[in-house]
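Listed here are the chains, written in short residue letters.
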Amino acid sequence: MQTFRFTRAFAGLLLLASAFTTTACSSDDDKNTATLTVGTDNILLGAEAGASETFTVTTTAAWKAVASGGGFSLDRTEGSGDATIRVTAAAAGANGEEKRLGSIAITATGVDGVKTVTVSQEGAKPAPTPGDVTLIVDFTQGASVTTPELPPYSKDNFTTGRHEYTVKGYQFAIFVDKAEGGKFYWIDNTQFGENIPEPNKGLFFSKLGAYVEFPAIQGKTLSEVRYLPTTQQNDVELELMGADGSEAQYSLDFDTDGTWVYTLIEARAGIRYRIEITNTKNAQLAKLMLVYSAVE
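Note that the structure is predicted; figures quoted are calculated from it, not measured.

*Asks:* When you look at the overall build of the protein chain in this model, what are you seeing that I'm missing?
*Replies:* The number of helices and strands found in the protein chain is one helix and 21 strands. By the burial criterion, 38% of the 296 residues in the protein chain qualify as buried. Summarising the internal contacts of the protein chain: among those between residues at least 6 apart in sequence, 69% fall at separations of at least 24.

*Asks:* Quick question: what am I supposed to make of unusual backbone geometry here?
*Replies:* Negative phi is the rule for most residues except glycine; trans is the rule for most peptide bonds. Cis rather than trans, the peptide bond between T147 and P148 has omega equal to -5°. Within the secondary structure, P148 sits in the loop between β10 (133-138) and β11 (161-167). K207 follows S206 through a cis peptide bond whose omega is -15°. Mapped onto the elements of the fold, K207 is located in the loop between β14 (201-206) and β15 (211-213). Its identity as a non-glycine residue notwithstanding, K168 has a phi of 55°, on the positive side.

*Asks:* Help me out: how do you make sense of the side chain of N282 in this one?
*Replies:* Its place among the elements puts N282 in strand β21 (residues 282-294). A relative accessible area of 19% means that N282 is categorised as buried. With residues near it in sequence (within four places) discarded, N282 still touches F204, F205, S206, K207, Q233, N234 and V236.

*Asks:* Is there a simple way to explain the sheet that holds strand β17 (residues 238-242) in this structure?
*Replies:* Within a sheet, neighbouring strands are paired by backbone hydrogen bonds and run either parallel or antiparallel to one another. Ordered by their spatial adjacency, five strands build an open sheet running β11-β12-β15-β20-β17, and the pairing between neighbours is antiparallel. Every other strand in the sheet has two partners, leaving β11 and β17 as the edge strands with one partner each. Between one strand axis and the next, the sheet turns by 20° as a mean value, whatever way the strands run. Pairing of strand β12 (residues 170-176) with β15, which is carried by three bridges, proceeds in the antiparallel orientation. Its bridge partner being in β15, I174 is matched across the sheet by V212.

*Asks:* What should I look at first to understand the pairing of strand β8 (residues 99-108) in this one?
*Replies:* Regular strands place their side chains on alternate faces of the sheet. Bridge count between strand β4 (residues 62-69) and β8: seven bridges; the pairing is antiparallel. In the strand pairing of β8, A67 is matched with I104. Pairing between β8 and strand β9 (residues 115-121): seven bridges, direction antiparallel. For I104, the partnering residue across the bridge sits in β9 and is V117.

*Asks:* What am I meant to see in the packing of aromatic side chains here?
*Replies:* Each pair of aromatic rings is reported with the distance of its centres and the angle of its planes. As enumerated under the stated definition, the model contains eight aromatic pairs in all. With a centroid separation of 4.7 Å and an interplanar angle of 5°, the aromatic rings of Y185 and F204 are classed as stacked. One end of the pair, Y185, is in strand β13 (residues 183-188); the other, F204, is in strand β14, with 19 residues separating them in the sequence. Classification of F204 by relative accessible area gives buried; the value is 6%. Aromatic pair Y250 and Y262: ring centres 5.3 Å apart, planes at 65°, arrangement edge-to-face. Pair noted here: Y250 is in strand β18 (residues 250-254) and Y262 is in strand β19 (residues 260-264), with a separation of 12 residues, a long-range link. Three or more aromatic residues joined by ring pairs form one cluster here, namely Y153, Y185, F192 and F204. The positively charged end of R274 is found above the aromatic ring belonging to Y211, 3.6 Å away from the centroid.

*Asks:* How should I be thinking about the pairing of β18 in this particular structure?
*Replies:* Both β18 and β19 contribute to a ladder of five bridges, which runs antiparallel. Across the sheet, L252 pairs through a bridge with Y262, a residue of β19. Turn length for the β18-β19 hairpin, with the two strands adjacent in sequence and antiparallel, is five residues, and the turn residue G258 shows positive phi of about 95°.

Cut-offs used in this document
Residues numbered from 1 in each chain as written. Predicted model: local features only at pLDDT ≥ 70, side-chain atom pairs only at ≥ 80, totals over all residues. Heavy atoms only, no water. Helix = DSSP H or I, 4+ residues; strand = E, 2+ residues; numbered from the N terminus. Buried < 20%, exposed > 50% of the residue type's maximum accessible area, 1.4 Å probe, protein only. Contact = heavy atoms within 4.5 Å. Pairing = 2+ DSSP bridges. Axes fitted to C-alpha atoms, helices over the stretch in contact; angles between N-to-C directions. Phe/Tyr/Trp six-rings, centres within 6.5 Å; stacked < 30°, edge-to-face > 60°. Lys NZ or Arg CZ within 6 Å of the ring centre and 35° of its normal.

Structure, rendered in structure tokens:
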């Protein structure tokens, strides 16, 4: 009888130990059932301020999102269970290439490790630049082609010094040196003879050092100058140069109609150029065409 009682007691202890073991295992299993999944590894925001993108967090546990870096914000940083997080750019992206702003670290209770989402932003695209700009100044149309009007031809009253004129909203300048015997005016050569061939009207300017200065256009470089003289221009020598006194690299050709064609090489943006007389002769400009190209 004693042996039987001992056997029953030992069996009861085995059952109790088994129950305890089962309960402990169940607790560990419950702890390991929490998972964390993030919908993307990378977020790319648009270039504009306020651009936003979202990503998902999938979990049954409580989670937190911690941002590092700058230039973006999160609409929520913690929660429990599945969620969608919106990422918003604080400012417009800088011109140029895509830029990394920072990252977001996501953790969940009971889940080992960290999920990381990298945040970047597109570079702002520069505003499109219009194509070539062509300015044509036709001095054969009369002194009123500029504002104010060009001075008229006179035997007794010649204009000297530097004077600025506006043509089609752009500022030009004309300079003649009084010490060199310079003068400028609008001239109609037909007053000296009815049969003078066209173009027979234009801007007269002289002598050494006299120039016509062209406007600078923002975002453009001067690429070509076409200078058509009147039929009465003599053997003047003209040089294309920077208004700051710098040399200009160019090639010079002549069209069949007598136009002088200056094609600039590696012209600089943002500076004014001029046609300047380099000998002691007189120039007569009938028509001027300037071509400005977009800066590359």
